[in-house]
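Residue-level structural notes
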Amino acid sequence: MKYAAVTAAGILLLLWLFCLPRDLFEDTAYSTVVTDRNGQLLGARIADDGQWRFPHADSLPEKFVAALIEFEDRTFYRHIGVSVRALLRAAVQNIRSGRVVSGGSTISMQVIRLSRHKPRTLWQKMVEMFLATRLEARCSKEEILRLYAAHAPFGGNVVGIDAAMWRYLGNDGSELSWAEATTLAVLQNAPSSVHLSRNRDALLAKRNRLLYRLCERGCLSESEYELSAEEPLIGEPYPMPQYAPHWVENCNAVRHGERIRTPIDLQLQKRLEEVTARWSQELSAEGVNDLAAVVVAVKSGEVVAYCGNSDMNRLREGKWVDIARVPRSSGSILKPLLYCTALQEGTILPHTLLPDVPTDFGGFAPKNFDGTFAGAVPADEALSLSLNVPNVHLLKEYGPMRFAELLKNAGLLSLNKENNRYGLSLVLGGAEVRLLDIVQLYANMAACYQGVGDSTRLAHFPFADRVALYATFEAMRHVNRPDQMDWLRATSTRQIAWKTGTSYGSRDGWAIGVTPEYAVGVWAGNANGSSAPDLTGARTAGPVLFDVFNMLPPTGWFAEPDATDGIEVTLCRRSGHIAGRNCTETVQAIVPKNALKSRSCPYCQEAIAAGDRDTYSIERRFVLPPVMEHYYRQTHSAYQSATLTTAQTVSRVEVRPMHFIYPTDGCVVSLPVQGDGTVAALNCSVAHTDPVAEFFWHLDNSYLGSTRNIHQFAVRPSPGRHTLTVVDTAGNSISVAIVVV
């Protein structure tokens, strides 16, 4: 018998030790709860079983704890899971009533009951008592309270104190009143019989009795009791907060059923939603129905405000599309990245002249937004003015495959094609990017320049040259598109490096801006991909960008880089290249360390001009190639061509005097049929350094005619391959091969 008793005791002890599962509520479905950086609720998503049940919090309101213990389990801090006194009291009450009116369960026992979902029988009560003692041995009293408060029903589909406070009070309970605390404590005891929408008199009476008991115990003063008893009952349930709904949806998809603290700043989020909702209402009248905006803190790289799509109260198709995470055509917002990497690698210098002339790149003939050409434009000005043609020339020199690889390494993972699938249109919108990714990229550029933030985050970031980064920010700071931007609508006077972009067909309008503290991105358009007639990045997204910056704390401008960040070189003031021996106007400048890889000035040349009586003079001149010169001198009246004194000039560097503007060599031409049934003519154009030269035009071996001053000629070639040749009076000639289809 002795051994049997010991064995039984041992078995009972082992059973007690291992009777509780590791997680009491392992199979319980929870709501997804998303908070801002300070724990303020942004939004929540209902649990899979249709209940508002928040994951338990780390703390409980003190007033609620006091009311709960007084109402449910006065000896909570003195018993070990079972209260004999409470069981005896319940037995007496049940005998007197002739029915079960009290269960005598402690809070610990109720935690067990809530976790097991078993029928209420005497046997199950005994099991709960046994398990409750083990729960007390495993958990602290505070942990048990948190478990109970998180899983107690509060009426309807509301479970747990956190969900109850948001549904019934509309807040997190940080300033919970005694009246509210006692109402919630009473409500969870019998939510099916005492409810906010029915039996309100019974609920009020129970609340006030609990208030009186708390007053008797000294938890609140008599005056506090009187004021609390006069406080009206909680009214109709509140809707859950709906801040940053698309951000909350993404959190729900990634970490469903968890409590998630995010870097969002609720105050900034509220202001962002106000700004975007106001602009969305205005832009919707112009056929632009959707608007997205993202704010990233430069130092941390974290998203502090996020609007995946604005004005969720306005009924429309596609409002639940999270535009900030959807790949869209980039327009021109990649141009600063090309400029920066070209500087960093020594492909160009900040003011290097880039061609801005009509060019056909194997069937791709880019045009500037206003349809004009400047001949030659400094690289920084080409970025500030967002000129398409010079940037395509720059991309051709840098290499589109190389640029695509760099963008992927910088974080634009929406570029998911092989690098050889991206061509010269890449810098004009030939790739799709996500607003969130591009804003974080620009934030990383600012962080890298200032040397702030997590070193791991920037360890392999490809934009690392401080001189190149600063030159890029400076060029972006001078962005000015008066043909598109209504500057009266953009009230910000802050110094912001910014860039706009518009996709082909006016489907996407972009604006990206960065300061030392924040990077902001705005997208405007239609979620369904439809176009809007007046949609441009500068006109639609630009004003929104400046309003968003206006709501942010003020910041200064980037400090200039140190001399040790680059190298000092002598530059040609006219061409922006490293000065050559023929450059007469030079300037000293700090440039990226790879600048020595770039070529010296190709435009400043030395020429020998014959004078009177067999005398000669040497002159150094800034001379552009013919096509560039043709457009350049239209806006630069002081420009002088290569011709010094008529045909007597002999240049030590061979200058090609003429160049085809159109068609270019290898061009494939399709001639449309006109209304009268005839085939349209091919309008050819040639530039020459001598504006009065006479040209003689030939198609294959046939003479066509001549032109003087304005060198344009209409040709009607038959389908097939042809050679078009032009000869000037000095015997210079130029030919291009074309294919007519």
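Shown above is the structure to which this text applies.
These notes cover the structure that comes with them. Residue numbering note: each chain is counted from 1, following its sequence as written. Only residues with pLDDT of at least 70 are given local features in this predicted model, and only at 80 or more are side-chain atom pairs given and counted; all residues enter the totals for whole chains, interfaces and linings. The basis for the side-chain values is all heavy atoms of the structure; hydrogens and waters are excluded.

**Brief notes about the overall build of the protein**
Test applied: Labels follow the DSSP assignment, with helices taken as runs of H or I lasting at least four residues and strands as runs of E lasting at least two, numbered in each case from the N terminus. Relative accessibility thresholds used throughout: buried, under 20% of the residue-type maximum; exposed, over 50%; partly exposed, between the two (1.4 Å probe, protein chains only). Residue contacts are defined here by distance: any two heavy atoms, one from each residue, within 4.5 Å place the two residues in contact. Calculation of accessible area relied on Shrake-Rupley with a 1.4 Å probe; when residues are assessed, cover is drawn exclusively from the protein chains displayed. Charge convention: Lys and Arg are scored as positive, Asp and Glu as negative, and His as well as the terminal groups of each chain are ignored. The atoms used to mark charge sites are NZ of Lys, CZ of Arg, CG of Asp and CD of Glu.
Within the protein, the secondary structure is distributed over 20 helices and 27 strands. Along the longest, intermediate and shortest principal axes, the C-alpha atoms of the protein span 135 × 65 × 60 Å. Among the 741 residues that make up the protein, the fraction classed as buried is 53%. Counting contacts in the protein only where the partners sit at least 6 residues apart, residues at least 24 apart contribute 66% of the total. Here the protein displays about 34600 Å² of accessible surface, and carbon together with sulfur accounts for 51% of that area. A gap of 7 Å separates the mean positions of the 73 positive and 76 negative side-chain charges of the protein.

**Notes on the pairing of strand S14 (residues 518-525)**
Threshold: A pair of strands is treated as paired once DSSP finds two or more bridges between them.
Counted residue by residue, S14 has eight buried out of eight residues, so it is predominantly covered. Residues Tyr518, Val520, Val522 and Ala524 point to one face of S14 and Ala519, Gly521, Trp523 and Gly525 to the other, with burial holding for every one of them. Bridging between strand S6 (residues 290-297) and S14 involves eight bridges; their strand directions are antiparallel. Its bridge partner being in S14, Val294 is matched across the sheet by Gly521. Where strand S13 (residues 508-514) meets S14, seven bridges bridge the pair, whose relative direction is antiparallel. Within S14, the residue paired with Gly509 across the bridge is Ala524. Hairpin connection of S13 to S14: three residues between the antiparallel strands.

**A few points about the sheet that holds strand S20 (residues 658-662)**
As a general point, the strands of a sheet are linked pairwise by backbone hydrogen bonds and lie either parallel or antiparallel. Note the following rule: An axis is simply a line fitted to the C-alpha atoms; with a helix, the fit covers only the stretch in contact. Between two such axes, the angle follows the N-to-C directions and lies from 0 to 180 degrees.
The three strands are arranged S20-S22-S25 in an open sheet whose pairing can be described as antiparallel. Both edges of this open sheet fall to S20 and strand S25 (712-715), since each of them pairs with a single strand only. Taken pair by pair, the neighbouring strands of this sheet meet at an average axis angle of 30 degrees, ignoring direction. Alignment of strand S22 (residues 682-688) against S25, held across four bridges, turns out to be antiparallel. Looking across to S25, one finds that Ser685 is bridged to Gln712.

**Focus: the side chain of Arg45**
Filter applied, for reference: Polar contact is the term for a pair of N or O atoms within 3.5 Å; when the atoms are in protein, one must be able to donate a hydrogen and the other to accept it, and sequence-neighboring residues count only if both atoms are side-chain atoms.
Inspection of the secondary structure assignment puts Arg45 in strand S2 (residues 41-45). Within the local environment of Arg45, its side chain forms a polar contact with the backbone oxygen of Pro245, the two atoms lying 3.4 Å apart. Setting aside anything within four residues of it in sequence, one finds Arg45 in contact with Ser31, Thr32, Trp52, Gln242, Pro245, Val248, Glu249, Asn252 and Trp320.

**Examining the packing of helix H2 (residues 62-72) against helix H8 (residues 178-187)**
Selection rule: Here the word oblique covers every angle except those under 35 degrees (roughly parallel), over 145 (roughly antiparallel) and from 65 to 115 (roughly perpendicular). Helix crossings fall into two classes, left-handed where the near helix is turned counterclockwise from the far one by less than a right angle and right-handed where it is turned clockwise. Charged residues are taken to be Asp, Glu, Lys and Arg, nonpolar residues to be Ala, Val, Leu, Ile, Met, Phe, Trp, Tyr, Cys and Pro, and polar residues to be all remaining types, Gly included.
Two numbers describe how H2 lies on H8: the axes approach to 8 Å, and their chain directions differ by 45 degrees. Between H2 and H8, the angle is such that the two are oblique. Classified by chirality, the crossing of H8 by H2 is right-handed. Two secondary-structure elements touch here, H2 through Lys63, Phe64, Ala66, Ala67, Leu68 and Phe71 and H8 through Trp178, Ala181, Thr182, Leu184, Ala185 and Val186. Class assignment for the residues of the contact of H2 with H8 results in ten nonpolar, one polar and one charged.

**Some details on the pattern of salt bridges**
Basically, it comes down to this: Only one rule defines a salt bridge in this text: a Lys or Arg side-chain nitrogen within 4 Å of an Asp or Glu carboxyl oxygen.
According to the stated counting rule, one finds 22 salt bridges in the structure shown. A salt bridge links Asp547 to Arg278; the shortest N-O distance between them is 3.3 Å. In this pair, Asp547 is assigned in helix H19 (residues 537-551) and Arg278 in helix H12 (residues 266-284), connecting sequence segments 269 residues apart. The exposure class assigned to Arg278 is partly exposed, which follows from its relative accessible area of 45%. Put simply, Glu70, Arg74, Arg213 and Arg217 are held in one network by salt bridges that share partners.

**A short note on the packing of helix H9 (residues 200-216) against helix H10 (residues 222-230)**
Across the interface, H9 lies against H10 with an axial gap of 10 Å and an inter-helix angle of 175 degrees. Of the possible angle classes, the one that applies to H9 and H10 is roughly antiparallel. Within the contact between the two elements, H9 uses Arg207, Asn208, Leu211, Tyr212 and Cys215 and H10 uses Glu222, Tyr225, Ser228 and Ala229. In terms of residue class, the contact of H9 with H10 is built from five nonpolar, two polar and two charged.

**Here we look at the sheet that holds strand S1 (residues 32-35)**
Ordered by their spatial adjacency, three strands build an open sheet running S2-S1-S5, and the pairing between neighbours is mixed. In this open sheet, the two edge strands, each paired with only one partner strand, are S2 and strand S5 (259-261). Strand after strand, the sheet turns through a mean of 15 degrees between neighbouring axes, direction not considered. One ladder, built from four bridges, connects S1 with S2; its direction is antiparallel. Following the sheet pairing, Thr32 is matched in S2 by Arg45. Here helix H11 (residues 245-254) sits on the sheet in contact with S1, S2 and S5, set at roughly 50 degrees to S2.

**Quick notes on unusual backbone geometry**
Following Tyr662, the chain continues into Pro663 via a peptide bond in cis, with omega recorded as 0 degrees. By secondary structure assignment, the location of Pro663 is in the loop between S20 and strand S21 (667-669). With phi around 55 degrees, Ser506 is a residue other than glycine that occupies positive phi space. You will see that Asn709, though not glycine, has its phi angle at about 70 degrees, which is positive. Its place among the elements puts Asn709 in the loop between strand S24 (702-708) and S25.

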